[in-house]
Amino acid sequence: MMKMTKNNKRTKAMLVAAALLNVALVGAYVLAFYAVVGVSEKASAAQGELGQYLDKGGSMNTLKRAIKNTTEEREKLETYFVDSDSLVDFIEKVESLGGISGTSLVPSGLREQGGDILLLNIRVEGGFRDTIYLMELIQYLPFEIAIRNASLGKGTGSTGSWGSSFTLELTGFVNEK
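Structure report, in brief. (Residues numbered from 1 in each chain as written. Predicted model: local features only at pLDDT ≥ 70, side-chain atom pairs only at ≥ 80, totals over all residues. Heavy atoms only, no water.)

**A look at the layout of surface pockets**
Logical step 1: Quantified by volume, the largest pocket comes out at close to 220 Å³.
Logical step 2: Listing elements by their share of the lining of the largest pocket, those giving two or more residues are β1 (82–83) and α3 (87–101).
Logical step 3: In terms of residue count, the dominant contributor to the lining of the largest pocket is α3 (three residues).
Logical step 4: Partitioned by chemical class, the residues of the lining of the largest pocket number five nonpolar, two polar and five charged. (1 Å grid on protein atoms, 1.4 Å probe; cavity = no way out; pocket = protein on both sides within 12 Å on 5 of 7 lines; lining within 4 Å. Points joined across faces, edges and corners; volume = space filled by probe spheres on them. Helix = DSSP H or I, 4+ residues; strand = E, 2+ residues; numbered from the N terminus. Nonpolar A, V, L, I, M, F, W, Y, C, P; charged D, E, K, R; others polar.)

**Thoughts on the sheet that holds strand β3 (residues 117–126)**
Logical step 1: Read across the open sheet, the four strands follow the order β2-β3-β5-β4; overall the sheet is antiparallel. The open sheet has two edge strands with one neighbour each: β2 (104–113) and β4 (144–154). Mean inter-strand twist for the sheet, computed between neighbouring axes without regard to direction, equals 15°.
Logical step 2: Note that β4 and strand β5 (residues 162–171) share nine bridges and pair antiparallel. Among the inter-strand pairings, Arg 148 is bridged to a residue of β5, identified as Thr 167.
Logical step 3: The sheet strands contacting α3 are β2, β3, β4 and β5, and the helix crosses β2 at an angle near 150°.
Logical step 4: Against the sheet, helix α4 (residues 128–139) touches β2, β3, β4 and β5, its axis set at about 170° to β4. (Pairing = 2+ DSSP bridges. Axes fitted to C-alpha atoms, helices over the stretch in contact; angles between N-to-C directions. Contact = heavy atoms within 4.5 Å.)

**Some points on the side chain of Thr 131**
Logical step 1: Here Thr 131 lies in helix α4.
Logical step 2: A polar contact of 2.9 Å, which involves the side chain of Thr 131, links it to the backbone oxygen of Gly 127.
Logical step 3: When residues no more than four places from it in sequence are discounted, the contact partners of Thr 131 are Thr 103, Val 124, Gly 126, Leu 152 and Ser 164. (Polar contact = N/O pair within 3.5 Å; in protein donor to acceptor, adjacent residues only side chain to side chain.)

**Describing a nonpolar patch on the surface**
Logical step 1: Residues Val 26, Tyr 29, Val 30, Phe 33 and Tyr 34 make up a contiguous nonpolar surface patch of about 570 Å² in total accessible area.
Logical step 2: Tracing the chain through its elements places Phe 33 in helix α1 (residues 2–69).
Logical step 3: Using a relative accessible area of 44% as the deciding quantity, one classes Phe 33 as partly exposed. (Patch = residues over 30% accessible without salt bridge, like charges linked within 9 Å, V, L, I, M, F, W, Y side chains within 5 Å. Areas by Shrake-Rupley, 256 points an atom, 1.4 Å probe, with all protein chains shown as cover. Salt bridge = Lys/Arg side-chain N within 4 Å of Asp/Glu carboxyl O. Buried < 20%, exposed > 50% of the residue type's maximum accessible area, 1.4 Å probe, protein only.)

Below is the structure:
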């Protein structure tokens, strides 16, 4: 009987050792599992932040590309506005239309109205058709121009000359103070 008791004690000891080893392994497995979950959450958060950063960078690159690709169009768009620096060029364009239409054109007054409207008074001498043609040419300038306060009258003498005066109302004046 002694022999059995010795074997039973050994068996019990081995079972207890195996059970303790199993508990230790399960504990180690649970700790490792939670460590992997924690690292996975941190990696996921970092990946999300990286994605947001890249999206912002991608948007920025898209904007930079759009700015670069539209340089020519933006420069052309700026020519449709008159500012203090290009005012003389605008008046010279209007004056040059007098020669094209066969009229004598003299600017007689310039003033700003409101924030973005410029008024240019003009006196014209020439034939009736030439004067009307001049007004059409002015309308074809690449600006938003309205002809206001137009008056036409036959000049004195036998030359058939007409005298007229009108005000050009230019919308799109940019006064850079």
